[in-house]
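For reference, the chains in residue letters:
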Amino acid sequence: AAPPRSHIPLLPREGRRGMKSNIMLLIIGTAIAVSIIGTMGSSGSFIGTSASIRASKGCASSIATMGHSTAPLHHVRFGRNFHNGISPADSSREKLMRRERFVANAKVAAAGGGGGVPVEEVEAIVVGSGVSGSSLAFHLHQSGLDVVCAEANDKVGGNLISKTNDDGFLWEEGPNTFQPTPQIMRFAHDLGIADDLVFANPTLPRLVYWDEKLWPLPMKPLDAVFNFGLISWPGKIRAGLGALGIPPIWQPPPQGREESIQEFVTRHLGEETFTKVIDPFVSGVYAGDPQKLAIRAALKKIYALEQLSSTGGFIPGAAVRIAQKQEEENSEQFKKEWREGVGLMPPGGSLGSFKNGLMQMAEATEKVLNKDSDKQRVRVGWKLKDVKKHDDNTYTAVFSTPEGDRALKAPALAITAPAHRAQPFLENVAPKAGEILSKIYYPPVASVTLAYPREALRDDAPGVQETGRLQGFGHLIPRKAAYKAGVRTLGTIWSSSLFPTRAPEGYEMLLCYIGGSRDVGIGDMAEADIAKQCDQDIRKVLLKPGWSGDAKTLGIRVWPRAIPQYEKGHLDVLEEIAQNTPEGLFLGGNYKTGVAFGDCVDYGIQEAKTISSYVKAQLEKAAATQSAEGLKASEPLAA
């Protein structure tokens, strides 16, 4: 899901249409926890935009080692003018702009600004064609900018990795699903792939594994009260009173220090609800340590509920926020901006993908941007090598390409890469920002896709007795339960339950995630050993005791640096990076915008507005300067 959140979308946020029922759920302790999980989970899925993995490396793929070439220097002028709200230059201005570019090009050539390689001028450069990069490039193109998106791999998508085989399986090795938003829906419509959207049944249960049993999370208020035995009655009462903000159960936040997720949730809902419900969710979204992750950075929507509340409890804050969102979404401005995206929204609680997998989004972006164009705007096999900033506030990015080294020059450069991959390319243009980026931690995570014949399933597994197959989104495993049961997986998505056509008849396809900041040893294990561990865990949770058959191993992907950890001090780190980033350079990725797939799509939409405005202002400024110089040069002739 993408989940560009690396995170498991097993406990997604209730959709906007289900907000009222979420208030009722909040009143009961466990239901409150479920609702909180949903709000926290705009991230969508485990490996991502982040995944997380999905967006982090997916946006980062146009990266390689430093180097230079001695090839001859050439230049190609800008391709298009602005439109769609960005005023086109008149003919005299265009002549001035071209002259200014010619002068600038001559300066670059004289200074070796392109590293001695062919230099092509554009108006914006986007590095990476993952979730963030694809969204940004598309919306820059929509705004009228002459943009080029460079992808290091031999196909688009970055770490959007959708695979198939001859047996009829379709699986994901990067992001796996997304939580639908109007932004994603509008993007799909504008790409022409709205008819290929697929959604999982929102009524499927989400489950938590505890005491060697799968517990479905409540989907109705009465179920939360009477049919959810995972949380004890004292735990439910504690969570309910805390959510209402009733002292002395509810306590105000500590002064002078930042709270972790564990501290914040325990203060509001109690230790039992945190341990059994919130802890596994945090593992699913961030593969992180809730003692270190900062509530105001990692789960800012939940943190905001306390700020909005009259009592400090979640329920009053949720009531205020729901009223705000209803007003926002009923506004003409909202409907006008998100257009068809609003009408395409599925029922609340749904998870989405595309018929051919999430990679279809990036492929559609490539198709649209390269259609009816005098040049390729999305270019694969282009690996970033070096970045230079010039005195006129333009940037030259040098790439290793199948045709040799090539350079792009533009007033705006966007690097949608994870922090550790972006850092080396900032040494010449933003060394302090690069140094700060190195502070962001990414733990190792592995995704493993396995398939089993349905006859191997336990008779009491959800859905088996009724339908003969699994029925559910999947299961998450609290770390305390994992240690007790001897399992290591963070959770498992029941892929063929979400999308039945992705596995052949008679098989269940399961996607496991394992590793994270509390199990970094996964990064040192062989792939075969990781798959074996996941198989052992599935046998304990879902398969009949003693079943001796073999699993089909479809895919194993080990991400050494998977998901950015929004730990205490993360927002301060981002502020420092912003203060040390020069104008014209735009750093993006899920370490900055959020790890959800939807966060990464929305980043592209919003950042395109910022970059378009910036480039327009720069070109107008250059044209005005050139015009003044031209008038000054003509004064002696006039005299």
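Residues numbered from 1 in each chain as written. Predicted model: local features only at pLDDT ≥ 70, side-chain atom pairs only at ≥ 80, totals over all residues. Heavy atoms only, no water.

**Structural notes on the side chain of His570**
Link 1 in the chain: Tracing the sequence through the fold places His570 in helix α22 (residues 570–579).
Link 2 in the chain: Under the relative-accessibility criterion, His570 is labelled buried at 4%.
Link 3 in the chain: In this view, His570 contacts Ala297, Ile440, Gln565 and Tyr591; residues no more than four positions away in its chain are not counted. (Helix = DSSP H or I, 4+ residues; strand = E, 2+ residues; numbered from the N terminus. Buried < 20%, exposed > 50% of the residue type's maximum accessible area, 1.4 Å probe, protein only. Contact = heavy atoms within 4.5 Å.)

**Things to note about the packing of aromatic side chains**
Link 1 in the chain: Within the structure shown, the criterion is met by ten aromatic pairs.
Link 2 in the chain: Both rings, one in Phe169 and one in Tyr507, keep their centres 5.9 Å apart while their planes meet at 75 degrees; by these two values the pair is edge-to-face. A residue pair is termed long-range when its members are at least 10 positions apart, and Phe169 in the loop between β5 (162–164) and β6 (170–172) and Tyr507 in strand β19 (residues 507–515) qualify at 338 residues.
Link 3 in the chain: Plain terms: the ring middles of Trp382 and Phe399 are 5.4 Å apart, the flat faces sit at 50 degrees to each other, and that makes the pair tilted. Of this pair, Trp382 sits in the loop between β11 (378–380) and β12 (383–389) while Phe399 sits in strand β13 (residues 395–401), and the two are 17 residues apart along the sequence.
Link 4 in the chain: Three or more aromatic residues joined by ring pairs form one cluster here, namely Phe178, Phe354 and Phe597.
Link 5 in the chain: Here the guanidinium or amino end of Lys236 rests over the ring plane of Trp233, the centre of that ring lying 4.6 Å away.
Link 6 in the chain: Residue placement shows Arg502 over the ring face of Phe499; its charged tip is 4.5 Å from the ring centre. (Phe/Tyr/Trp six-rings, centres within 6.5 Å; stacked < 30°, edge-to-face > 60°. Lys NZ or Arg CZ within 6 Å of the ring centre and 35° of its normal.)

**Remarks on the pattern of salt bridges**
Link 1 in the chain: Tallying each qualifying case throughout the model produces 30 salt bridges.
Link 2 in the chain: Between Glu272 and Lys276 there is a salt bridge whose closest N-O contact spans 2.9 Å. One end of the pair is Glu272 and the other is Lys276, both in helix α10 (residues 271–286) and four residues apart, which spans about a single turn.
Link 3 in the chain: Among the residues examined, Glu272 registers a relative accessible area of 22% and is labelled partly exposed. (Salt bridge = Lys/Arg side-chain N within 4 Å of Asp/Glu carboxyl O.)

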